[in-house]
Amino acid sequence: MPNRSLIESSVEIDAPPSVVWSIVSDLKRMGEWSPQCRRMIIRGGVVRQGARTININRQGWKVWPTRSYVKVFEPEHELALKIAENGTVWTYRLEALDGDRTRLTESRTAPNGVSSLSNLLTKHVLGGTETFEDELEQGIQQTLQRIKAEAGVRAA
């Protein structure tokens, strides 16, 4: 089965974009939100356009690193990371809503498909493309709910 070109979910958060952005853009804490990306190391320590990261990912007992760079960094609007190993782009888009609320959308796109090596490893090590992408979709929903909970605490 071919890779899905888009995996996406959104959540409405009772906090202004500034609060949501402060969570999303703190990539060092990504391991607290994401069930798969357990840790992000920001090379040079500062998250900004062009910053490079080393990511530690986990699925059960399987652990693997990936590398990414910050492709888009627009405070309070959008943060996108391109993964070096497979060419996918992970994006967080913030949309201001009435009443100091925010719609946060997380997506994983594969604008040029996913690399052959990544597909091979997904098939033989990570449970197959369909299963893995279903897990990614569930992970996006978990991540958004965890960010929403943290934003609620900060906005209170």
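Residues numbered from 1 in each chain as written. Predicted model: local features only at pLDDT ≥ 70, side-chain atom pairs only at ≥ 80, totals over all residues. Heavy atoms only, no water.

## Observations regarding the packing of aromatic side chains
Geometry of an aromatic ring pair is reported as the spacing of the ring centres plus the angle between the planes.
No. 1: What the rule picks out here adds up to one aromatic pair.
No. 2: On the basis of an interplanar angle of 65° and a centroid distance of 5.3 Å, the ring pair of Trp21 and Phe73 is categorised as edge-to-face. Taken together, the residues span a long stretch of sequence, with Trp21 in helix α1 (residues 17-24) and Phe73 in strand β4 (residues 62-74) at a distance of 52 residues.
No. 3: By relative accessible area, Phe73 is classed as partly exposed at 22%. (Phe/Tyr/Trp six-rings, centres within 6.5 Å; stacked < 30°, edge-to-face > 60°. Helix = DSSP H or I, 4+ residues; strand = E, 2+ residues; numbered from the N terminus. Buried < 20%, exposed > 50% of the residue type's maximum accessible area, 1.4 Å probe, protein only.)

## Considering the pattern of salt bridges
For side chains bearing opposite charge, pairing can occur when the charged atoms are close.
No. 1: In total, this model carries 13 salt bridges according to the counting rule given.
No. 2: Residues Glu8 and Arg93 are paired through a salt bridge, measuring 2.8 Å at the closest nitrogen-oxygen approach. Here Arg93 lies in strand β6 (residues 89-97) and Glu8 lies in strand β1 (residues 6-13), a separation of 85 residues in the sequence.
No. 3: Residue Glu8 is classed as partly exposed on the basis of its relative accessible area of 37%.
No. 4: When its relative accessible area of 32% is taken as the criterion, Arg93 is described as partly exposed.
No. 5: Of the charged contacts, one joins Glu32 and Arg29 as a salt bridge, the two residues approaching to 2.7 Å between their closest N and O atoms.
No. 6: Here the residues in one salt-bridge network are Arg4, Arg108, Glu133, Asp134 and Glu137, joined through shared partners. (Salt bridge = Lys/Arg side-chain N within 4 Å of Asp/Glu carboxyl O.)

## A short note on the sheet that holds strand β7 (residues 101-109)
Within a sheet, adjacent strands bond to each other through the backbone by hydrogen bonds, running parallel or antiparallel.
No. 1: On the basis of which strands lie adjacent, the open sheet formed by seven strands has the order β1-β7-β6-β5-β4-β3-β2 and antiparallel pairing. In this open sheet, the two strands that pair with only one neighbour each are β1 and β2 (37-43). Taking the axes of each pair of neighbouring strands and ignoring which way they run, one obtains an average angle of 20° across the sheet. (Pairing = 2+ DSSP bridges. Axes fitted to C-alpha atoms, helices over the stretch in contact; angles between N-to-C directions.)

## Points about helix α4 (residues 129-155)
No. 1: The first and last C-alpha atoms of α4 sit 38 Å apart over 27 residues, in line with the 39 Å expected at 1.5 Å per residue.
No. 2: Every buried residue belonging to α4 is among Thr129, Phe132, Glu133, Leu136, Gly139, Ile140, Thr143, Leu144, Ile147, Glu150 and Ala151, and all of these are buried. (Expected span 1.5 Å × (residues − 1).)

## Some points on a nonpolar patch on the surface
No. 1: Taken together, the side chains of Leu117, Leu120, Leu121 and Val125 present a nonpolar region at the surface, about 360 Å² in accessible area.
No. 2: Note that Leu120 resides in helix α3 (residues 116-124).
No. 3: When its relative accessible area of 47% is taken as the criterion, Leu120 is described as partly exposed. (Patch = residues over 30% accessible without salt bridge, like charges linked within 9 Å, V, L, I, M, F, W, Y side chains within 5 Å. Areas by Shrake-Rupley, 256 points an atom, 1.4 Å probe, with all protein chains shown as cover.)

## Notes on the nonpolar core
No. 1: Ranked by internal contacts, the top residues of the largest apolar core, which has 33 residues, are Ile13, Val20, Leu27, Leu104 and Ile147.
No. 2: Elements that contribute at least two residues to this core include exactly β1, α1, α2 (30-33), β2, β4, β5 (78-83), β6 and α4.
No. 3: A total of six residues in this core trace back to one element, the largest contributor, which is α4. (Core = buried A, V, L, I, M, F, W, Y, C linked by side-chain atoms within 4.5 Å.)

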